Amino acid sequence: MAFSWPTHTHQHAPGAQTSLVNPSAGYPSAIIGAARRSLATQPAAVARAARERQRKTQAVQHDNSRVVLFTHPASRGKIVEWYVQEKNLANRVEFREMDMKAGEHKSSGFLRVNPFGRLPAMSVLDEDTGNELYSLHESGALLLTLAEMAGETDTPEKRAVASQWALFANSTLGNALFVEAFRDKQMPAVMRTLDAMLAERDYLSGEGPRGSFTVGDVAVGAYLLYAPLFFPHVTFEEYPNVCKYMANLSSRQAYQSTLGARIDGAAGGSAPPASHMPAGGDKQAAVMSASAAQSA
Ligand SMILES: N[C@@H](CCC(=O)N[C@@H](CS)C(=O)NCC(=O)O)C(=O)O
C-alpha cells in the first residue's frame, strides 16, 4: 500500500507518546475481557468514547502495523537500519530516502511526521487500512518501537532495560564522547565503567551469564563505532573490553551492510580499527552531540 503524507500530525495528540509502553501488559486478561464485555452493553456514544480512551491508553498492536522509515544515508537512520536488518523486519519497513539537499526534510508534509524537520523519523501505519497510527522521531525511540515490533521487549523488564540503554547512548554516552566541554571529565569515567561491565559479559543485557545481543547493543554500539570516524587518530586502548565489544559488533553482517558501510565509506574505506577512539583536542570531534552526528 503506497504511503501518503498524513493530513494532520499525531505528534502532539494526547496519548500519542504512550505507545512505547504497554500499560495493559500487567493486567490479567480477565479484567480486559470484562472491560470489553461491558463496552458492548453501553449506549453507542459512551461505548465510542470508552473505545477511544482505550485506544489511547492501550498498547498499539504492533502485530499488524508496518512502518515508513524516513531516512538519509548520512543520518542516524543507519543505526535504525542496522536494527531492522538484525531482526529481519525489512518486510514491514518501507525505507523512504529523503533528499536533504533539496530540503525535503523541511517540507510541510514531512514536518507533520517530525515537526523538528530532522531524520530519521517514522510513521507507524495500520497494515489493514494504511492509516497512520502515530509518527515518531528520535533514533532511540525508533529503535525501541522496532524492538517492540520485533517482539524483543516482551516483558516490562526487557522494555525497561532497553529504554535504559537507548537513553544512555543518546544522553550519557553521547555527551561524554561528543561534547567537547564534557569529554575530558566524563569520557574516562563512563568508558571505565563500560569496560568493567564488558569484562564480565559480551553484551550489555540479554539472556545468559554473558548476555545476548539486544537493541541496547545497537544503540550503544552505534555511538561507540561512530567515534573513530570523528576521532581517527586517538586510540581507545585503555579500554580493551570495550574494544573487544566494538570489534564483535562490527563483525556482524547486519552492521556491515548498514551503519558499517556508511562509516567505512565516510572514512574513505579505511575506517580506523575499533581500538581507536577519541580524546580531547580534536576540533572535528567537538560537535557531534549538538549537530555533528547529524552529518555522521
Ligand atoms: N537526536 C536525534 C538527532 C536527529 C538529527 O539531528 N538528525 C540530523 C541528521 S543525523 C538532521 O536531520 N539534521 C538536519 C537538520 O537539523 O536540519 C536522533 O537521534 O534522531
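Residues numbered from 1 in each chain as written. Predicted model: local features only at pLDDT ≥ 70, side-chain atom pairs only at ≥ 80, totals over all residues. Heavy atoms only, no water.

## Description of the site of the ligand
Taken together, twelve residues are adjacent to the ligand, and Lys 106, Arg 118, Leu 119, Glu 138 and Ser 139 come closest. One of the side-chain N or O atoms of Lys 106 is found 2.7 Å from an oxygen atom in the ligand. Separating a nitrogen atom of the ligand from a backbone N or O atom of Leu 119 is a distance of 2.7 Å. Considering the ligand on its own, with 510 Å² of exposed area, one finds that the protein chains cover 86% of that surface. (Near = heavy atom within 4 Å. Polar contact = N/O pair within 3.5 Å; in protein donor to acceptor, adjacent residues only side chain to side chain. Areas by Shrake-Rupley, 256 points an atom, 1.4 Å probe, with all protein chains shown as cover.)

## Some points on helix α3 (residues 77–86)
Summarising burial for α3: nine of the ten residues are buried, a large majority. Inspection of α3 places Gly 77, Lys 78, Ile 79, Val 80, Glu 81, Trp 82, Tyr 83, Val 84 and Glu 86 among the buried residues, and these make up the whole buried set. One or two residues past the end of α3 sits Asn 88, with phi positive at roughly 50 degrees. (Buried < 20%, exposed > 50% of the residue type's maximum accessible area, 1.4 Å probe, protein only. Helix = DSSP H or I, 4+ residues; strand = E, 2+ residues; numbered from the N terminus.)

## Notes on the packing of aromatic side chains
For the structure on display, the rule yields eight aromatic pairs. Plain terms: the ring middles of Trp 82 and Phe 213 are 6.4 Å apart, the flat faces sit at 45 degrees to each other, and that makes the pair tilted. Of this pair, Trp 82 sits in helix α3 while Phe 213 sits in the loop between α7 (180–200) and α8 (215–230), and the two are 131 residues apart along the sequence. Classification of Trp 82 as buried rests on a relative accessible area of 0%. (Phe/Tyr/Trp six-rings, centres within 6.5 Å; stacked < 30°, edge-to-face > 60°.)

## Here's the deal with helix α6 (residues 156–178)
Between its first and last C-alpha, α6 extends 31 Å over 23 residues, near the 33 Å set by a 1.5 Å rise per residue. When the local axis directions of α6 are compared, the greatest deviation, roughly 45 degrees, occurs at Phe 168. Arg 159, Ala 162, Trp 165, Ala 166, Phe 168, Ala 169, Leu 173, Gly 174, Ala 176, Leu 177 and Phe 178 are the residues of α6 that are buried. Where α6 is buried, its residues contact α5 (139–149), α7 and α8. (Expected span 1.5 Å × (residues − 1). Bend = angle between axes of the 7 residues up to and from the residue. Contact = heavy atoms within 4.5 Å.)

## Concerning the pairing of strand β1 (residues 65–71)
The buried count for β1 comes to seven of seven residues, which makes it a mostly enclosed element. Residues of β1 alternate between two faces, with Ser 65, Val 67, Leu 69 and Thr 71 on one and Arg 66, Val 68 and Phe 70 on the opposite face, all of them buried. Pairing geometry for β1 and strand β3 (residues 121–126), over six bridges, is antiparallel. Note that in β3 the partner of Val 67 across the bridge is Val 124. For the segment spanning β1, α3 and strand β2 (residues 93–97), crossover handedness is right-handed. (Pairing = 2+ DSSP bridges. Right-handed = clockwise from strand over helix to strand, strands pointing away.)

## A short note on the side chain of Asp 195
Mapped onto the elements, Asp 195 comes out in helix α7. For the buried Asp 195, which has no salt bridge, the nearest side chain bearing the opposite charge is Arg 192, at an N-O separation of 9.0 Å. Residues in contact with Asp 195, not counting those within four places in the same chain, are Glu 238, Tyr 239, Pro 240, Asn 241 and Val 242. (Lys, Arg positive; Asp, Glu negative; His and termini not counted. Salt bridge = Lys/Arg side-chain N within 4 Å of Asp/Glu carboxyl O.)

## With respect to the sheet that holds β3
Think of a sheet as strands paired side by side through backbone hydrogen bonds, with each pair either parallel or antiparallel. Read across the open sheet, the four strands follow the order β2-β1-β3-β4; overall the sheet is mixed. Each edge of the sheet is formed by a strand with only one pairing partner; in this case those strands are β2 and β4 (132–137). Taken pair by pair, the neighbouring strands of this sheet meet at an average axis angle of 20 degrees, ignoring direction. Pairing geometry for β3 and β4, over five bridges, is antiparallel. Paired with Ser 123 across the two strands is Ser 135, which belongs to β4. Where α3 meets the sheet, its contacts fall on β1 and β2, and the angle it forms with β1 comes to roughly 145 degrees. Those strands touched by α5 are β1, β2, β3 and β4, and its axis lies near 135 degrees from that of β4. (Axes fitted to C-alpha atoms, helices over the stretch in contact; angles between N-to-C directions.)

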